[in-house]
Amino acid sequence: MDPVTTCEFASAPINANLQPADKIRLLREMLRVRRFEQASLKHYQAGKMGGFLHLYIGQESVAVGACSLMGPNDHVITAYRDHGHALAVGMSMNECMAELFGKVTGCSKGKGGSMHYFAPDKNYWGGHGIVGGQTPLGLGLAYGLKYKGLTGSALCFMGDGAVNQGCFYESLNMAALWNLPVIYIIENNGYSMGTSLARSSAYASCLAERAAGFGIDWDSFNGEHIYAVRAKIQTAIERAHTLSRPTVLEIATYRYYGHSVADAKHKIYRSEEEIERYKQLHDPIQIFKNQLSEEGLLTESQYDELDESVLREVEECVAFAEASPLPSEASITEDVYYEVDHQTAAGRTGRHFFND
Amino acid sequence: MDPVTTCEFASAPINANLQPADKIRLLREMLRVRRFEQASLKHYQAGKMGGFLHLYIGQESVAVGACSLMGPNDHVITAYRDHGHALAVGMSMNECMAELFGKVTGCSKGKGGSMHYFAPDKNYWGGHGIVGGQTPLGLGLAYGLKYKGLTGSALCFMGDGAVNQGCFYESLNMAALWNLPVIYIIENNGYSMGTSLARSSAYASCLAERAAGFGIDWDSFNGEHIYAVRAKIQTAIERAHTLSRPTVLEIATYRYYGHSVADAKHKIYRSEEEIERYKQLHDPIQIFKNQLSEEGLLTESQYDELDESVLREVEECVAFAEASPLPSEASITEDVYYEVDHQTAAGRTGRHFFND
Amino acid sequence: MPEITYREALRHAMAEEIERDPNVVLLGEEVAEYDGAYKVTEGLWKRFGDKRVCDTPISEAAFIGMGIGASMLGLRPVMELMFWSFSTVAWDQIVNNAGMVRYMSGGLIHCPIVIRGPANGGTNVGATHSHTPENWIANVPGLKVVCPATAYDAKGLLKSAIRDNDPVMFMENTLLYGEKWEVPNEEYLIPLGVADLKRSGTDVSLIAHGRAALTALKAAEILAAEHDIHADVLDLRSIRPLDEEAILQTVRKTHRAVLIEENKPFCGVDAQIAATIQEKCFDDLDAPVLRISAIDAPAIYSPELERRQLPRPSDIVAKVLSIC
Amino acid sequence: MPEITYREALRHAMAEEIERDPNVVLLGEEVAEYDGAYKVTEGLWKRFGDKRVCDTPISEAAFIGMGIGASMLGLRPVMELMFWSFSTVAWDQIVNNAGMVRYMSGGLIHCPIVIRGPANGGTNVGATHSHTPENWIANVPGLKVVCPATAYDAKGLLKSAIRDNDPVMFMENTLLYGEKWEVPNEEYLIPLGVADLKRSGTDVSLIAHGRAALTALKAAEILAAEHDIHADVLDLRSIRPLDEEAILQTVRKTHRAVLIEENKPFCGVDAQIAATIQEKCFDDLDAPVLRISAIDAPAIYSPELERRQLPRPSDIVAKVLSIC
Ligand SMILES: Cc1ncc(C[n+]2csc(CCOP(=O)(O)OP(=O)(O)O)c2C)c(N)n1
Ligand SMILES: Cc1ncc(C[n+]2csc(CCOP(=O)(O)OP(=O)(O)O)c2C)c(N)n1
Ligand SMILES: [Mg+2]
Ligand SMILES: [Mg+2]
């Protein structure tokens, strides 16, 4: 994809109306994601965590741009590459890092891990490991909002590989048929694991165009500039709020690391040059940093301060995670059934667990 | 839909090249389907069979037209409304009626019933009860043909309601991506059970257009005239044979009876007038009968003879079904495992069945 | 007490809960304008309108998942599967989303959803339409599963299921929809996890769930009348949570148990029950725990033979006589 | 004899069968150009090319169904599920198409397909990625299921599975891929339905499948060394078909049985085994058949705790001591 040179979206009202502080905050949020994940990588490699670690680094403008638009009734749900969205909705680094460390202070008490961050209080519904499995849930969030008579939307993020799970199309049909305010955001980073887009999907002009067959509005654009992400998604949110209509957006982006940290071959199925090119020309943080300095809002030293404050937050969250206790053995069978956890009448009749 | 007045497809080579006898045979095949099903209805109501009975009456031109085009490597698979396709590929009325009666002489030895007719020797792969479940199987037939280096196609029939099962879209993507010679034929009879098309599906111009998003050729047309069906499907078959490319066809058609014989409300969710209009103006048998008399190939008395010979075949198949024995109790556990049925070495090690 | 059908009992339960709680919504194929493929929801759409009773496309994965997502926001969707057999296309949503999201969120989320519909063989609709997945579901910690055998149980259990804050898989039986039982007009609830001793005896325990419990009752009558053998008939009603106490009690009383279910034998619910009994009543047993399940093959179409494939009273009587 | 890994054993089995039979084709996500998510198929694409080893999109329902359809035409697809947990999105294709089409066609069709991949917990990948569905599969007449515990078994069983004319669900374990065992260079086959007595004792029967069989072996060593208790360790290897004779034999020898599996307890495979033993060895048993399964909750992420959630040698030792 071609780099966004000067950003035509700076003038979009949603961006033009931003206060300088808001713009700095956008940059800060992107930095928080990147620095948090760099630390998580370091400690993953040091053996502090298990399972998978899917890094979002390179895609920060998408989650941060999208979540910066959320109002009280706008909800988010995503797949397993979920750290960026989690921090962007306002989750603390502490609970997120502690979750990776498998500690009881983690956002999911150490039960979910990297792929399963949740914060319903922040309209954040996870963090889902089954590819495409979150797309009907996103539909359900939109349905629930409409049922309750609330003006809102459900932003359902998914990857370019996830578009080949059938439940996505079932969901598109229902969203269109019932006028549900769901926004499917395909974060097209060009690869599903080791498989390039061309080897996984057949399409006309782009993946999002598949929505046309369901009579759904769609758009496809380069997401490296957070202003572009905000302007385009805002249009979809307004469509959801005012018309209760769905949208499918395909956002071109790129991940710098492998599919997961376990992905040893990511410099084989794609070239070093390609990765370098993206880092040099398409880095969302660099691009927005330059945007802000062009706007005269940020000096190098101010950027360094920003970065240092973020790095301090990261250090603290690692210390917090390290210091936090593990879940108790007894807690293994907690959080399975609501009625049992709350020892309601329903939780006390009959046997719920069957060891011995 | 508007009636086909004079058939612009009569001149299509695939129709123009038909011998008079072939044309009469097409009419005869449609009559066989209708008379067979009228008899099956009568005996269903007389309590001679169980389960569901989904009648194809009104849609005969589609199955008969399509199957009349099959070469040695063209295969067919469909859903549960499968009597028409079964007779059209050349299955005998005897084995089909006996199956409905649950007799051992049935095509599936009385184990499948109305929804599960099979005749692999005639390239007919069923008869499938789970809506949409046959669409990946159709893909697999096409894949198998290509793998074996055969020039052929897989005609996979489905209903207008089945388009909302996700595996259909997964199949479309793979068919396009891998250039597989599968032809999805949506028999759009306007209803999925009691739900009209408008209440079940969102689309741009038609259901088939959903294929465009996958870069697949598609077409949508009125199927009441068997010449139209043959001309359009022939184009798709040629695309499959010469380019190994998939096609999605949507064929407008109509069922005269309820979804199944159990469907008591089919004159409530659609009007008597609508049903009558189709019978009067759009009946595929009447339309083709008129076509043939216009072509000077069929007199009334010749038609009556044709009909009588078909009715005799029907009478005989009912007598055959009546007279046939039930499967034995022991046969309940036969046809579960190939290796057990054939008592191979693999079928003799370990326990396969677990009663007592 | 008035007699109503199993179908009406379910309908009344849903109507009462719709009236009671604005978050209760019925969704499924043909449940609204068509009045339900099996008429369970008959009249509810006319009575409660589009918002509360809603037809869906044939997209089980999407609409079940949608219901789960909506339940996370506090709705109480009651989803109809026209057949539980069709849960196979929504399996991931049921197991991984309804079943796991509470756990993976460390208890931050819960899913007060009910998924209901018939799960039975015996109607000659063929192998793909005759699944009885209560054992698959009960294998999954996080899910609950209920299999009522009578109109009375169906109503009381469905109301509890709708009020339950965990996902409850509610399995009915098309062969029972038209059967009548006494059901009081007054509101009542039956808690999940409480079995029902439907007949009291002394000589042997017949333990079953769903329609098999009624088959067991018929067998018990024959045993009493023709063999002077008096059976306890315990209807589990709820599979998970399970009333293990009631199971152990009846076996400690009779010292013999025959388990009956309409599922296939391998890893059926009765495998779990038998394993439990032998472990916890080892010294109480005067004979091995015996099982009767469907004949171990996919459901056959041929009506005569499918009748034979499912447990019959005579099969139970024969088994009992082999240990009494 | 050379030692090779479980992973290599699987790879060799597939390579040999690809060479032997032109109808054998490997399909799945990342199996070809990427060499397999877990490197099981490493090198096979380079060696055999696009036609025989083929990457699929992330569309399990479609590609599993495609494999089933192709198998009806005589191909022998060996389909990789990156995790067996993802079978939930292809469940209908597996159960209703692979499992039922032979029956519903009265035996006219058969499906010589193998679906393979890891089915295990213990790797901290969370609840949705840690399913062990061998009990669900074994409940379905028409399907077969195999769970090899060693490289030797994995190779011999996979070759048999590929040659089998029925659909075989082949369940591996990511924790074993890197483990080494002796495997001969000469070709060999291990028939489905034959269990393996991996250790011979006198005092108690430890019966298990998959990785749990290795845990049982460790426990048996401790029991012998520290408690002078000598255990038979029977590895089922194949769940359906099941080597019931071997199970009954060992129990008749030792009179005590402890069953171990990594699945959740309710309706796990061991529920079926326990039910069978108590029925057929009722008078041989000196103690109830005991079970050890995963702690009954979705798989927890926290590495420390997930280790605790699965059966450990010490858990087995404690159980055995409670009855010996
Ligand atoms: C149903 C299912 N199939 C396969 C997987 C294994 N898997 C996890 S992520 C992934 C690739 C997804 O790629 P994409 O959708 O592009 O998202 P990205 O990783 O690029 O963010 C695969 C195959 C899974 N988790 N779920
Ligand atoms: C997965 C699944 N869901 C629901 C059903 C029940 N069902 C059988 S046929 C049918 C309607 C299908 O309509 P359509 O696809 O238009 O085919 P038609 O009956 O019109 O030929 C439904 C809902 C099923 N068999 N399978
Ligand atoms: Mg991607
Ligand atoms: Mg239709």
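Attention in this report is confined to the structure presented alongside it. Quick caveat: nothing in here was measured; it's all calculated off a predicted structure.

### So, the environment of B:Thr299
Residue and element names in this part refer to chain B.
Point 1. Structurally, the position occupied by threonine 299 is in the loop between helix H11 (284-294) and helix H12 (300-323).
Point 2. On the accessibility criterion, threonine 299 (41% relative accessible area) is partly exposed.
Point 3. Once the C-alpha coordinates of threonine 299 and glycine 152 are considered, the two residues, 147 residues apart in sequence, prove to be 37 Å apart.

### Quick notes on helix H3 (residues 60-67) of chain B
Point 1. Within H3(B), eight of the eight residues are buried, leaving the element largely enclosed by the surrounding structure.
Point 2. Among all positions in H3(B), only B:Glu60, B:Ser61, B:Val62, B:Ala63, B:Val64, B:Gly65, B:Ala66 and B:Cys67 are buried.

### Some words on the interface of chain D and chain A
Point 1. Facing 40 residues of chain D, the contacting portion of chain A comprises 42 residues.
Point 2. Summed over both partners, the interface of chain D with chain A comes to about 3,100 Å²; 61% of that surface belongs to carbon and sulfur atoms.
Point 3. Connecting chain D to chain A are five salt bridges.
Point 4. Per-element accounting of the side of chain D that touches chain A gives the leading share, five residues, to helix H11 (residues 303-309) of chain D.
Point 5. Residues of the side of chain D that touches chain A, tallied by class, amount to 20 nonpolar, nine polar and eleven charged.

### Concerning the interface of chain A and chain C
Point 1. At the junction of the two partners, chain A supplies 49 residues and chain C supplies 59 residues.
Point 2. Carbon and sulfur atoms supply 65% of the area that chain A and chain C bury against each other, a total of about 4,300 Å² over both sides.
Point 3. At the surface where chain A touches chain C, the tally comes to two salt bridges.
Point 4. Note that C:Arg102 and A:Asp341 form a salt bridge whose closest N and O atoms lie 2.6 Å from each other.
Point 5. Inspection of the region where chain A meets chain C yields 26 residue pairs in polar contact (both at pLDDT 80 or more).
Point 6. Every element with two or more residues in the side of chain A that touches chain C is listed here: helix H6 (134-147), helix H7 (167-177) and helix H13 (338-341) of chain A.
Point 7. When its residues are assigned to classes, the side of chain A that touches chain C shows 24 nonpolar, 15 polar and ten charged.

### Some thoughts on the sheet that holds strand E4 (residues 76-80) of chain D
Residues and elements named next belong to chain D.
Point 1. Strand order in the open sheet formed by seven strands is E3-E2-E4-E5-E7-E6-E12, with mixed pairing between adjacent strands. Strands with a single pairing partner mark the edges of an open sheet, and in this sheet they are strand E3 (53-55) and strand E12 (238-240). When strand polarity is set aside, the average angle formed by the axes of neighbouring strands in this sheet is 20 degrees.
Point 2. Here five bridges tie strand E2 (residues 24-28) to E4, and the two strands are oriented parallel to one another.

### Things to note about the coordination of the magnesium ion (ligand 4)
Geometrically, a metal with four donors at the corners of a regular tetrahedron has ideal angles of 109.5 degrees, and one with six donors at the corners of a regular octahedron has ideal angles of 90 or 180 degrees.
Residue and element names in this part refer to chain B.
Point 1. At the metal site, the magnesium ion (ligand 4) is ligated by Asp160 (OD), Asn189 (OD1) and Tyr191 (O), and these contacts range over 2.1 Å.
Point 2. Sequence spacing of the donor residues for the magnesium ion (ligand 4), all on one chain, is D-x28-N-x1-Y.
Point 3. On the accessibility criterion, asparagine 189 (7% relative accessible area) is buried.

### Notes on the site of ligand 2
Point 1. Around ligand 2 lies a shell of 21 residues, among which B:Tyr80, B:Arg81, B:Gly129, B:Asn189 and C:Glu60 are the nearest.
Point 2. Ligand 2 sits at a junction of chains, with neighbouring residues supplied by chains B and C.
Point 3. Between ligand 2 and B:Arg81, the relevant distance is 2.8 Å, taken from an oxygen atom to a side-chain nitrogen or oxygen of the residue.
Point 4. One nitrogen or oxygen atom from the main chain of B:Tyr191 is found 3.0 Å from an oxygen atom belonging to ligand 2.

### Let's talk about the coordination of the magnesium ion (ligand 3)
Residue and element names in this part refer to chain A.
Point 1. Around the magnesium ion (ligand 3), the protein contributes the donor atoms Asp160 (OD), Asn189 (OD1) and Tyr191 (O), at 2.1 Å from the metal centre.
Point 2. Mapped onto the sequence, the residues coordinating the magnesium ion (ligand 3) show the spacing D-x28-N-x1-Y.
Point 3. When its relative accessible area of 10% is taken as the criterion, tyrosine 191 is described as buried.

### Some words on the packing of aromatic side chains
Point 1. Summed over the entire model, instances satisfying the criterion amount to 44 aromatic pairs over all chains.
Point 2. The interplanar angle of 5 degrees and the centroid separation of 3.8 Å between the aromatic rings of A:Tyr254 and A:Tyr278 together place this pair among those described as stacked. In this pair, A:Tyr254 is assigned in the loop between strand E7 (247-252) and helix H10 (272-281) and A:Tyr278 in helix H10, connecting sequence segments 24 residues apart. Just as A:Tyr254 is buried, A:Tyr278 falls in that class too.
Point 3. The rings of A:Phe168, A:Tyr169, A:Tyr184, A:Phe214, B:Phe168, B:Tyr169, B:Tyr184 and B:Phe214 are connected pair by pair, giving a single aromatic cluster.

### Digging into the sheet that holds strand E6 (residues 144-146) of chain C
All names here are of chain C.
Point 1. Pairing in this open sheet of seven strands is mixed, and the strands run E3-E2-E4-E5-E7-E6-E12 from one edge to the other. Looking at which strands have only one partner, the edges of the open sheet turn out to be strand E3 (53-55) and strand E12 (238-240). Sheet twist, expressed as the mean angle between neighbouring strand axes with direction ignored, is 20 degrees.

### Considering the site of ligand 1
Point 1. Of all residues adjacent to ligand 1, which total 21 residues, the nearest are A:Tyr80, A:Arg81, A:Gly129, A:Asn189 and D:Glu60.
Point 2. The residues that come close to ligand 1 belong to more than one chain, namely chains A and D.
Point 3. One of the side-chain nitrogen or oxygen atoms of A:Arg81 is found 2.8 Å away from an oxygen atom of ligand 1.
Point 4. When the free accessible area of ligand 1 is taken as 590 Å², the share hidden by the protein chains comes to 95%.

### Describing unusual backbone geometry
Point 1. Here the bond from C:Arg240 into C:Pro241 is cis, since omega is 0 degrees, no more than 30 degrees from zero.
Point 2. Mapped onto the elements, C:Pro241 comes out in the loop between E12 and helix H9 (244-254).
Point 3. The backbone of A:Asp335 sits at a positive phi, close to 65 degrees, despite the residue not being glycine.
Point 4. Turning to its location among the elements, A:Asp335 is positioned in the loop between helix H12 (300-323) and H13.
Point 5. Even without being glycine, C:Arg237 reaches a positive phi, approximately 60 degrees.
Point 6. Mapped onto the secondary structure, C:Arg237 falls in the loop between strand E11 (231-235) and E12.
Point 7. For C:Arg237, a relative accessible area of 7% puts it in the buried group.

### Some thoughts on the side chain of A:Asp307
Residues and elements named next belong to chain A.
Point 1. As for its position among the elements, aspartate 307 is in helix H12.
Point 2. A distance of 2.5 Å separates a polar atom in the side chain of aspartate 307 from a polar atom in the side chain of arginine 35.
Point 3. Residues contacting aspartate 307, with those up to four places away along its chain left out, are Leu31 and Arg35.

### A word on the environment of B:Ala204
Point 1. Within the fold, B:Ala204 resides in the loop between helix H8 (197-200) and strand E6 (217-222).
Point 2. C-alpha of B:Ala204 to C-alpha of B:Thr344: the two residues are 140 residues apart in sequence and 54 Å apart in space.
Point 3. Beyond its immediate chain neighbours, meaning those up to four positions away, B:Ala204 contacts A:Ala212, A:Gly213, A:Gly215 and B:Glu209.

### Notes on the pattern of salt bridges
Think of it this way: side chains of opposite charge can pair up when their charged atoms draw near.
Point 1. Overall, the coordinates contain 101 salt bridges over all chains when judged by the stated rule.
Point 2. A salt bridge links D:Lys319 to A:Asp356; its shortest N-O distance comes to 2.5 Å. Pair noted here: D:Lys319 is in helix H12 (residues 313-323) and A:Asp356 is in the segment after helix H14 (345-348), and the two residues belong to different chains.
Point 3. We classify A:Asp356 as partly exposed; its relative accessible area is 47%.
Point 4. With its nearest N and O atoms 3.2 Å apart, the salt bridge here joins C:Glu304 to C:Arg307. Here the residue C:Glu304 and the residue C:Arg307 both occupy positions in helix H11 (residues 303-309), the gap between them amounting to three residues, near one helical turn.
Point 5. A relative accessible area of 44% means that C:Glu304 is categorised as partly exposed.
Point 6. Residue classification places C:Arg307 among the exposed residues on the basis of a relative accessible area of 53%.
Point 7. Overlapping salt bridges bring together C:Glu16, C:Glu17, C:Arg20, C:Lys155, C:Lys159, C:Arg163 and C:Glu187 as one network.

About the thresholds
- Residues numbered from 1 in each chain as written.
- Chains lettered and ligands numbered in written order.
- Predicted model: local features only at pLDDT ≥ 70, side-chain atom pairs only at ≥ 80, totals over all residues.
- Heavy atoms only, no water.
- Helix = DSSP H or I, 4+ residues; strand = E, 2+ residues; numbered from the N terminus.
- Buried < 20%, exposed > 50% of the residue type's maximum accessible area, 1.4 Å probe, protein only.
- Contact = heavy atoms within 4.5 Å.
- Buried area = accessible area lost by both parts, 1.4 Å probe.
- Salt bridge = Lys/Arg side-chain N within 4 Å of Asp/Glu carboxyl O.
- Nonpolar A, V, L, I, M, F, W, Y, C, P; charged D, E, K, R; others polar.
- Polar contact = N/O pair within 3.5 Å; in protein donor to acceptor, adjacent residues only side chain to side chain.
- Pairing = 2+ DSSP bridges.
- Axes fitted to C-alpha atoms, helices over the stretch in contact; angles between N-to-C directions.
- Donors = N, O, S within 2.8 Å, 3.2 Å for Na, K, Ca; no water.
- Near = heavy atom within 4 Å.
- Phe/Tyr/Trp six-rings, centres within 6.5 Å; stacked < 30°, edge-to-face > 60°.
- Areas by Shrake-Rupley, 256 points an atom, 1.4 Å probe, with all protein chains shown as cover.

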